[in-house]
Amino acid sequence: MRNLKLPEQRHPEKAHRSDNVQPRKPKWIRVKAPTGEGYNATRKILRENNLATVCEEAACPNAGECWSAGHATMMIMGEICTRGCTFCNIATGKPNALDTFEPGRVAEAVNKLGLKHVVITSVDRDDLEDGGAEHFAQTIRAIRYRSPGTTIEILTPDFLKCAPSVLDVVVKARPDVFNHNLETVPGLYPQVRPGARYFHSLRLLQRVKEKDPSIFTKSGIMVGLGEDRQSVHQVMEDMRAADVDFLTIGQYLQPSPKHHGVDRFVTPDEFSSYERAAYGKGFLMVSSTPLTRSSHHAGDAFERLRDARKAHSGKQRH
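Residues numbered from 1 in each chain as written. Predicted model: local features only at pLDDT ≥ 70, side-chain atom pairs only at ≥ 80, totals over all residues. Heavy atoms only, no water.

Asks: Give me the lowdown on the overall build of the chain, citing residues and values where you can.
Replies: When helices and strands are tallied, the chain shows 12 helices and 10 strands. Pairs at least 24 apart in sequence give 76% of the contacts found in the chain among residues at least 6 apart. (Helix = DSSP H or I, 4+ residues; strand = E, 2+ residues; numbered from the N terminus. Contact = heavy atoms within 4.5 Å.)

Quick look at the structure:
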């Protein structure tokens, strides 16, 4: 029986990689250990509904803060991914069959937690013909049925090995926000995201907007992987050309010595300069800080995103 708590069984594809020294974190990157009633209550509801979260599986530094506030990013379709990205802490291998009852359990947990906004993500499922598109759609519909007032944000895989039509299945379920992360600059894809294709991911986001312009699109990258400022600005330009509304930029943190090494810790001032540049390029919403993650403060960000669209459309009418 495979034990995902053991690094060599969690990441068999990384077991033979040489170790990368993990540099000491600067003071601006440290977070408190999770504790408190809110944290424990959230954990209990997730356990009772047998749900995985990306907060735990990806070792997110903000888990304590989010869970204490009753927020969690649900991870559907199992906890084993068919890809082996060098930055990611999610286990790699052959996943189990889909659980047909999972969409209902996710909807139940969302209802019990009383979430106004929920983020649903998943592992990559290259073993499935539709990449899990129908499972995403069922989960969205189940949440809408149980909690009609909850806004839904999805963070999807790239559906690289599927027919292009599978995207229609997800878009027709009408999530409020469609997020797919580019993760890094194109020059680093062979090292960081070897199973993915930069321009495919970019086109996926563009196609969502073409199919349903009312859906907000969102994408994010990590910095500190070895990119330069010019390449980050180029990614911003590419995202805006694909009509992406919301950009997130955060510091890459190395989950283990076997993962891609941290090239450097980007300073808070540099993150601020990226934010200013991104707003200048026309994004409706930007989150650029060392601890920014795709779903961190997602509910508050969605409200601001909606307001920004109204303000923008108001300006265009005048």
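Asks: Before we move on, can you summarise the nonpolar core with the specific residues and values?
Replies: Among the nonpolar cores identified, the biggest contains 72 residues, and Ile 120, Phe 178, Leu 182, Met 236 and Met 239 are the most heavily contacted of them. With six residues, the single largest contributor to this core is helix α6 (residues 133–146). Residues contacting Phe 178, with those up to four places away along its chain left out, are Ile 154, Thr 156, Leu 167, Val 170, Leu 204, Leu 205, Val 208, Ile 215, Phe 216, Thr 217 and Lys 218. Within the second largest apolar cluster, eight residues are counted, among which are Phe 216, Phe 246, Leu 284 and Leu 305. (Core = buried A, V, L, I, M, F, W, Y, C linked by side-chain atoms within 4.5 Å. Buried < 20%, exposed > 50% of the residue type's maximum accessible area, 1.4 Å probe, protein only.)

Asks: An account of the pattern of salt bridges is needed here, citing residue identities and associated values.
Replies: Applying the stated rule across the entire model yields 20 salt bridges. A salt bridge links Lys 14 to Glu 13, with the shortest nitrogen-to-oxygen separation between them at 2.5 Å. By relative accessible area, which is 33% here, Glu 13 ends up partly exposed. A salt bridge links Asp 168 to Lys 211; the nearest nitrogen and oxygen atoms lie 2.6 Å apart. Linking Asp 168 in helix α7 (residues 166–172) with Lys 211 in helix α9 (residues 198–211), this pair joins segments that are 43 residues apart in sequence. Taking relative accessible area as the criterion, Asp 168 reaches 25% and is therefore assigned partly exposed. Three or more residues joined by partner-sharing salt bridges are found here, namely Arg 83, Asp 124, Asp 126 and Asp 158. (Salt bridge = Lys/Arg side-chain N within 4 Å of Asp/Glu carboxyl O.)

Asks: A description of helix α11 (residues 268–280) should follow, citing residues and the corresponding values.
Replies: In a regular helix each residue adds 1.5 Å, so 13 residues correspond to 18 Å; α11 covers 19 Å between its end C-alpha atoms and thus fits that length. Buried residues along α11 sit in contact with β8 (216–223), α10 (229–241), β9 (246–251) and β10 (285–288). Immediately beyond the C-terminal end of α11, within one or two residues, lies Gly 282, with a positive phi of roughly 110 degrees. (Expected span 1.5 Å × (residues − 1).)

Asks: Give a description of the packing of helix α5 (residues 102–113) against α6 that names residues and reports values.
Replies: Look at α5 against α6: their axes get within 8 Å of each other, and the N-to-C directions meet at 40 degrees. Classified by chirality, the crossing of α6 by α5 is right-handed. Taking contact as the criterion, the partners of Glu 102, Pro 103, Gly 104, Val 106, Ala 107, Glu 108, Val 110 and Asn 111 in α5 are, on α6, His 135, Gln 138, Thr 139, Ala 142, Ile 143 and Arg 146. Across the contact of α5 with α6, the residue classes break down as six nonpolar, five polar and three charged. (Axes fitted to C-alpha atoms, helices over the stretch in contact; angles between N-to-C directions. Left-handed = near helix turned anticlockwise from the far one by under 90°. Nonpolar A, V, L, I, M, F, W, Y, C, P; charged D, E, K, R; others polar.)

Asks: Please provide a residue-by-residue account of the packing of α10 against α11, values included.
Replies: Angle between the axes and distance between the axes: these two values describe a pair of packed helices. Where α10 contacts α11, the axes come no closer than 11 Å and their chain directions differ by 35 degrees. Seen from above, α10 lies across α11 with right-handed handedness. Side by side, α10 and α11 meet where Arg 229, Val 232, His 233 and Met 236 of the first sit next to Glu 270, Ser 273, Tyr 274, Ala 277 and Ala 278 of the second. The residue makeup of the contact of α10 with α11, split by class, is five nonpolar, two polar and two charged.

Asks: Give a detailed account of the state of the cysteines, specifying residues and quantitative values.
Replies: The full count for this structure, using the stated rule, is zero disulfides. Free of any disulfide, Cys 88 has its nearest cysteine sulfur in Cys 85, 6.3 Å distant. (Disulfide = S-S within 2.5 Å.)

Asks: Give a description of α6 that names residues and reports values.
Replies: Here α6 spans 20 Å end to end across 14 residues, near enough to the 20 Å set by a 1.5 Å rise per residue. For α6, the set of buried residues is Ala 133, His 135, Phe 136, Ala 137, Thr 139, Ile 140, Ala 142 and Ile 143. Here the buried face of α6 lies against β2 (73–76), α5, β5 (117–122), β6 (151–155) and α7.

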